[in-house]
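# Structural description and commentary
Spelled out, the chains give:
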Amino acid sequence: MAVFRRGDYWWYEFIFAGRRVRESSKSTSKTVAKAAEQQRKRELEEGFNNFTDNRRERVRTIADLADEYLTAYKLRHPQSAVFAEYAVNHVCRILGGRMFVDCNEGTITLYQNHRLKEGAAPKSVNEEIGFLLRVMGDPGDLLRVRLRKRKMLKLKTGRSIAKAYAVEEKERMLAEAKKGRSPHIFPAIMLALNAGIRDAELKNLTWAQMDLAKGYLTVGKSKTEAGEGRTIPLNTALAECMSDYAEWYREKFGKPQPQWYIFPFGKPTPSDPTRPVTTLKTAWNNVRKNAKVEGRWHDNRHTLITDLAESGAGDQTIMDIAGHVSKQMLKHYSHIRMQAKRNALEAIVQKPAAAKASKEKDEAAEGVPTKSPTEVIRGAKAARRSHAPVPVENSNAAMNSKGDYSELPRVTQGFEGVSPQKSPQSAIFEVHRGMKKARKSKILIGSSGRTRTYNPSVNSRMLCH
């Protein structure tokens, strides 16, 4: 350890962990330089052994810590700085004078009860508690674990109040929006119902993001990475609406510049296109009230996603339009209506009946029998049994006409039917060909009544004997 003078100031020098430390004390006093050397060496030893004294930090108030946290939060998350400031202000209002060391599980419970008595929603209270624990830093993380273990970290929230507007409700809202005083509300609702863009995305749209010639818009800054920069086509209804609005915009401000906002700032009428509109709340509430519709602005987005799902659009297509990153979020936004479910189940009943009727119609047009193969075969056999007998030439008549008699007896009886030695197919073929061919005669011989084919040589010998 040593101190030495260099110019007007004293320096100190020592070895720590095998390394030489040489720094200026910025003082002209040798005594101050020696004290600075001792303090610097102690700081290095405490840092090397991971030992810090946080007593000064622990006696600071929540308000002091919240100011520092909020300043850093606004720099890193400017898109959500407004809500963060709203939540932190409530924390400082109730717990701002409390020292950091006094915050424990009882403090969290006290804050929750106080905000519930004021009528705050459980979801809002949970968000505020989250900011309070983040303000506290590492001790806040330990407190979060203990609260979660005791199931006291979050208040129970109600079911989601999101909905999808019916067709009649949408028609009434659009009709009232056309009659409204605000020139923004009708195109804004059309964008929400036909493009599904969020409120912040809509208010920050510029003309550089709207391409009416090619029929699509490009979303700028968004809540999610998947939503930022996505392109959304304009359907015919939205394209017509935005074209009419562009005409009004030209008459009001002249030719739109790319950096100008589509929904400009101004009260009671738009007056500054270089600034975006801050809110559409008043105009929206008037539209809902006059249309007698209950719901939120964000439900317009839910409505579009539900309509796309009911129309049969694929999940990836819907996620690309809405800017979602997961199917779980898509399921949260989709509210398949009861009528769509009923139609889907009814289609299961109607589809087989329609298919059967179509099949029978096609078979009838092609001449294909609608009976089963067994019925067809039975019908063919019955037709053969009832078929007219095939004419056979009478041998005796032919010989009598010539005057020639044979000593052999001639069979003068014709037999109906088809020879058992021939297949039904051959018999049918001969009939259709018009062939008149004599069949072998049959005669009953013996007492058993068995049918035998007539053989002249055998029968003649039998008769002679």
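This structure is a prediction, so every number in the text was calculated from the model and none was measured.

What follows concerns the overall build of the protein. In terms of helices and strands, the protein carries 20 helices and ten strands. A buried classification covers 30% of the 465 residues belonging to the protein. Counting contacts in the protein only where the partners sit at least 6 residues apart, residues at least 24 apart contribute 54% of the total.

What follows deals with the side chain of glutamate 169. Relative to the helices and strands, glutamate 169 resides in helix H8 (residues 167-179). Excluding anything up to four places from it in sequence, glutamate 169 contacts Lys163 and Val293.

For the rest of this paragraph, the subject is the sheet that holds strand E5 (residues 216-218). Strand order across the open sheet formed by three strands is E4-E5-E6, with antiparallel pairing between neighbours. Since the sheet does not close on itself, it has two edges, and those belong to strand E4 (210-211) and strand E6 (231-233), each with one partner. For E4 and E5, the ladder comprises two bridges, and the chain directions are antiparallel. Directly across from aspartate 211, in E5, lies its bridge partner tyrosine 216.

This part takes up the confidence of the model for the protein. A low pLDDT score tells you not to read the predicted coordinates there in detail. Chain-level pLDDT for the protein is 79 on average; 75% of the residues reach the 70-or-more range. The element-level mean pLDDT for the protein is lowest in helix H18 (residues 395-402), coming to 42, with helix H9 (residues 185-194) highest at 95. Throughout residues 440-445 the model reports pLDDT below 50, and contacts reaching past four residues in sequence, or to other chains, amount to 20 contacts.

Before going further, it helps to examine the environment of serine 27. By secondary structure assignment, the location of serine 27 is in the loop between strand E3 (19-24) and helix H1 (30-48). Considering only alpha carbons, one finds serine 27 and arginine 5, 22 residues apart in sequence, at a separation of 10.0 Å.

A word on the pattern of salt bridges. Following the criterion strictly, the structure yields 19 salt bridges and no others. Note that glutamate 201 is salt-bridged to arginine 198, the shortest N-O span being 2.8 Å. Comparing glutamate 201 with arginine 198 shows no difference in burial state: the two are buried.

This next bit is on the pairing of strand E2 (residues 9-16). Summarising the sheet, strand E1 (residues 2-6) and E2 pair through five bridges and their orientation is antiparallel. When the sheet's bridge partners are listed, alanine 2 is paired in E2 with glutamate 13. Count of turn residues in the E1/E2 antiparallel hairpin: two residues, of which glycine 7 carries a positive phi of about 75°. When E2 meets E3, the two strands line up antiparallel, connected through six bridges. Note that in E3 the partner of phenylalanine 14 across the bridge is valine 21. Counting the residues between successive antiparallel strands, the hairpin from E2 to E3 contains two residues, one of them, alanine 17, with a positive phi of roughly 55°.

A few words now on helix H7 (residues 138-149). Counted at 1.5 Å a residue, the expected span for H7 with its twelve residues is 16 Å, and the 17 Å between its end C-alpha atoms agrees. Looking at the buried positions of H7, the neighbouring elements they touch are helix H5 (105-117) and helix H6 (122-136). Looking one or two residues past H7, lysine 151 carries a phi angle of roughly 60°, positive in sign.

Approximately 1,900 Å³ is the volume attributed to the largest pocket. Around the largest pocket, the lining comprises 39 residues; the ones closest to its centre are Arg198, Asp199, Ala200, Lys223 and His298. Mapped by element, the contributors of at least two residues to the lining of the largest pocket are helix H4 (81-95), H6, helix H10 (199-203), helix H12 (281-291) and helix H15 (327-333). Broken down by element, the residue count for the lining of the largest pocket peaks at four residues, all from H10. Residue composition of the lining of the largest pocket, by class: 15 nonpolar, twelve polar and twelve charged. By volume, the second largest pocket amounts to about 550 Å³. Lining the second largest pocket are 25 residues, and of these Arg181, Ser182, Pro268, Thr282 and Ala283 sit closest to its centre. Per element, the largest residue contribution to the lining of the second largest pocket is six residues, and it comes from H12. Across the lining of the second largest pocket, the residue classes break down as ten nonpolar, ten polar and five charged.

Here we take up the packing of H4 against H5. Packing of H4 against H5 leaves a shortest axis separation of 11 Å and a crossing angle of 110°. If you check the angle between H4 and H5, you find them roughly perpendicular. Residues Tyr86, His90, Val91, Arg93, Ile94 and Leu95 of H4 form the contact with H5, whose own contacting residues are Thr107, Tyr111, His114 and Arg115. Of the residues in the contact of H4 with H5, the class split is five nonpolar, three polar and two charged.

Criteria and cut-off values
- Residues numbered from 1 in each chain as written.
- Predicted model: local features only at pLDDT ≥ 70, side-chain atom pairs only at ≥ 80, totals over all residues.
- Heavy atoms only, no water.
- Helix = DSSP H or I, 4+ residues; strand = E, 2+ residues; numbered from the N terminus.
- Buried < 20%, exposed > 50% of the residue type's maximum accessible area, 1.4 Å probe, protein only.
- Contact = heavy atoms within 4.5 Å.
- Pairing = 2+ DSSP bridges.
- pLDDT = per-residue confidence, 0-100.
- Salt bridge = Lys/Arg side-chain N within 4 Å of Asp/Glu carboxyl O.
- Expected span 1.5 Å × (residues − 1).
- 1 Å grid on protein atoms, 1.4 Å probe; cavity = no way out; pocket = protein on both sides within 12 Å on 5 of 7 lines; lining within 4 Å.
- Points joined across faces, edges and corners; volume = space filled by probe spheres on them.
- Nonpolar A, V, L, I, M, F, W, Y, C, P; charged D, E, K, R; others polar.
- Axes fitted to C-alpha atoms, helices over the stretch in contact; angles between N-to-C directions.
- Parallel < 35°, antiparallel > 145°, perpendicular 65-115°, else oblique.

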